[in-house]
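Each chain, written out:
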Amino acid sequence: MITFTLNKKNKPLIIWVSSLLIMLFTLVLVGGATRVTDSGLSITEWEPVIGVLPPFTYDSWMIEFEKYKLIPEYTLINYQMSLSEFKVIYLWEWGHRFLARIVGLIALLPFLYFLISKSLTKSQILKSLLIITLIGIQGYIGWYMVQSGLTERVDVSQYRLATHLTMAFIIIYVSFMLLFDILELKGSQSSPFARLWSTAFVGLIFIQIFYGGIVSGLDGGLVYPTWPLMGNAFLPLDYWSIDLGFLNIFENRSTIQFNHRTLAYLILFLSLVNIYIFRKNKNLFKISNLLLIIILIQILFGVVSILFYMPWQTALLHQFFAIILFSISIFYRSIIFRSK
């Protein structure tokens, strides 16, 4: 049986962390929209304080536009872009950065209040400090990512983008751990095998999320707009380049798309095994079935995105269900580890 505590004492803490999680989900989705609209390089400077407000006057907009005209993305790709078109991509990136600032404040200010009022346990204080620290590091990683596309490249580094995305999910994970701590979440007793299995299952989902960042960073979903085959074969003919060697895994777009598909199939298969393993545990059986449904939906939007050449709507839905899948998998693993 799954149990948790909900009372007047911990209700403000639950509202705080739940609000933080909702904002983190929103931030990831806005970040995804920023990526699919190619807006991430529109702001060429990192101004944590001055950059809180967007340009308002024609002159201030022109100053930002002139800065953008100096980077390769403009000179090589968007050289015909108008000011009105620039405003669209600028506001996407500004919105992403603005939300990131709001997330930082939501994490920090309530924490200071609850710390002063002695509403947090030692474990909750440590988790809160970790979240705040990771959010600060994430801000730097975001700028580090943008820097990779300002000089020699017309896009950001796929390695830095995947790192930025992965860090977002790490912050989400720690935030859930804090929430479960506050709720005093407890699950039914589980075996060492169940703990090992659930850790491996969630770990594979986490790896898939990181690899999804690599796919996005190189626009790997655009290489083969076919399914279930890649072109006319299951394994694409250009899967492996001798020149790239091991780096094919991270730099060959055909390799990346095939590996991302294969990981999805593996996760789907393991979700079926998961249902079989926990068939006699009522709660875990229900959660395992829910995981299967979300995985199927996630694969569906991935396939549709590929077939229709990555429309932003399905691309964002694909990312949204990645967040949902990750969140449910965290809950699934937590109730296995938090046995009574």
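See above for the structure.
Now for a description of the structure that goes with this document. Because the structure is predicted, anything quoted here is derived from the model rather than measured. (Residues numbered from 1 in each chain as written. Predicted model: local features only at pLDDT ≥ 70, side-chain atom pairs only at ≥ 80, totals over all residues. Heavy atoms only, no water.)

**Some points on empty space enclosed by the protein**
Thought 1: Considering all chains together, one arrives at one cavity of 30 Å³ or more under this definition.
Thought 2: Of the voids in this model, the largest cavity is the one considered here, and its volume is about 30 Å³.
Thought 3: As for the largest cavity, its lining consists of Pro 228, Met 230, Phe 234, Phe 258, Arg 261, Thr 262 and Tyr 265.
Thought 4: Residue classes in the lining of the largest cavity are distributed as five nonpolar, one polar and one charged. (1 Å grid on protein atoms, 1.4 Å probe; cavity = no way out; pocket = protein on both sides within 12 Å on 5 of 7 lines; lining within 4 Å. Points joined across faces, edges and corners; volume = space filled by probe spheres on them. Nonpolar A, V, L, I, M, F, W, Y, C, P; charged D, E, K, R; others polar.)

**Considering the environment of Met 230**
Thought 1: Note that Met 230 resides in the loop between helix 7 (192–217) and helix 8 (248–251).
Thought 2: Dropping the residues within four chain positions of it, Met 230 is found in contact with Tyr 224, Pro 236, Ser 254, Gln 257, Phe 258 and Arg 261. (Helix = DSSP H or I, 4+ residues; strand = E, 2+ residues; numbered from the N terminus. Contact = heavy atoms within 4.5 Å.)

**Notes on the nonpolar core**
Thought 1: Residues Trp 16, Leu 21, Ile 172, Phe 176 and Tyr 332 are the most contacted members of the largest nonpolar core, which totals 73 residues.
Thought 2: Counting only elements with at least two residues in this core, the list comes to helix 1 (11–36), helix 4 (83–116), helix 5 (122–147), helix 6 (158–183), helix 7, helix 9 (253–277), helix 10 (282–307) and helix 11 (312–337).
Thought 3: The biggest single contributor to this core is helix 6, with 15 residues.
Thought 4: Beyond its immediate chain neighbours, meaning those up to four positions away, Phe 176 contacts Leu 21, Phe 25, Ser 327 and Ile 330.
Thought 5: Residues Met 62, Tyr 74, Ile 89 and Met 145 belong to the second largest nonpolar core, which totals 20 residues. (Core = buried A, V, L, I, M, F, W, Y, C linked by side-chain atoms within 4.5 Å. Buried < 20%, exposed > 50% of the residue type's maximum accessible area, 1.4 Å probe, protein only.)

**Examining the packing of helix 1 against helix 4**
Thought 1: For the pair helix 1 and helix 4, the least separation of the axes is 9 Å and the interaxial angle reads 165°. It follows from the interaxial angle that helix 1 and helix 4 lie roughly antiparallel. The handedness of the crossing between helix 1 and helix 4 is left-handed.
Thought 2: Across the contact of helix 1 with helix 4, the residue classes break down as 19 nonpolar, five polar and one charged. (Axes fitted to C-alpha atoms, helices over the stretch in contact; angles between N-to-C directions. Parallel < 35°, antiparallel > 145°, perpendicular 65-115°, else oblique. Left-handed = near helix turned anticlockwise from the far one by under 90°.)

**Focus: a nonpolar patch on the surface**
Thought 1: Among the surface-exposed residues, Leu 105, Leu 108, Leu 109, Leu 112 and Leu 115 lie close enough to one another that they form a single nonpolar patch of about 400 Å² accessible area.
Thought 2: The topology assignment puts Leu 105 in helix 4.
Thought 3: Judged by relative accessible area, Leu 105 falls into the partly exposed class, the value being 44%. (Patch = residues over 30% accessible without salt bridge, like charges linked within 9 Å, V, L, I, M, F, W, Y side chains within 5 Å. Areas by Shrake-Rupley, 256 points an atom, 1.4 Å probe, with all protein chains shown as cover. Salt bridge = Lys/Arg side-chain N within 4 Å of Asp/Glu carboxyl O.)

**What about helix 7?**
Thought 1: Taking 1.5 Å of rise per residue, 26 residues should cover 38 Å, and helix 7 covers 38 Å from first to last C-alpha, within 8% of that figure.
Thought 2: Directly after helix 7, the chain includes Asp 219, whose backbone phi takes a positive value near 50°. (Expected span 1.5 Å × (residues − 1).)

**Regarding the packing of aromatic side chains**
Thought 1: What the rule picks out here adds up to 28 aromatic pairs.
Thought 2: Ring centres 5.2 Å apart and planes at 85° place the aromatic pair Phe 169 and Phe 326 in the edge-to-face group. On the criterion of sequence distance, the pair formed by Phe 169 in helix 6 and Phe 326 in helix 11 is long-range, its members being 157 residues apart.
Thought 3: For Phe 169, a relative accessible area of 1% corresponds to the buried category.
Thought 4: On the basis of an interplanar angle of 80° and a centroid distance of 5.4 Å, the ring pair of Phe 234 and Phe 258 is categorised as edge-to-face. Here the residue Phe 234 occupies a position in the loop between helix 7 and helix 8, and Phe 258 occupies one in helix 9, the gap between them amounting to 24 residues.
Thought 5: A relative accessible area of 11% places Phe 258 in the buried class.
Thought 6: Through a chain of ring-to-ring contacts, the aromatic side chains of Trp 61, Phe 65, Tyr 68, Tyr 74, Phe 86 and Tyr 90 assemble into a single cluster.
Thought 7: Above the face of the Phe 65 ring, Lys 69 is positioned so that its terminal group lies 4.6 Å from the ring centre.
Thought 8: The ring of Phe 337 carries the charged tip of Arg 333 above its face, separated from the ring centre by 4.0 Å. (Phe/Tyr/Trp six-rings, centres within 6.5 Å; stacked < 30°, edge-to-face > 60°. Lys NZ or Arg CZ within 6 Å of the ring centre and 35° of its normal.)

**Points about the pattern of salt bridges**
Thought 1: Per the stated rule, a full pass over the model turns up seven salt bridges.
Thought 2: As a salt-bridge pair, Glu 66 and Lys 69 come within 3.3 Å of each other at their nearest N and O atoms.
Thought 3: In this structure Glu 66 comes out as partly exposed when scored by relative accessible area, which is 37%.
Thought 4: Bridged by salt links that share partners, the residues Arg 35, Asp 155 and Asp 219 form one connected network.

**Things to note about unusual backbone geometry**
Thought 1: Following Trp 227, the chain continues into Pro 228 via a peptide bond in cis, with omega recorded as 10°.
Thought 2: Structurally, the position occupied by Pro 228 is in the loop between helix 7 and helix 8.
Thought 3: Non-glycine residue Asp 38 carries a positive phi angle of around 55°.
Thought 4: Inspection of the secondary structure puts Asp 38 in the loop between helix 1 and helix 2 (58–68).
Thought 5: Notably, Glu 184 is not glycine yet its phi reads approximately 55°, a positive angle.
Thought 6: Summarising the element assignment, Glu 184 is placed in the loop between helix 6 and helix 7.
Thought 7: Judged by its relative accessible area of 46%, Glu 184 falls in the partly exposed class.

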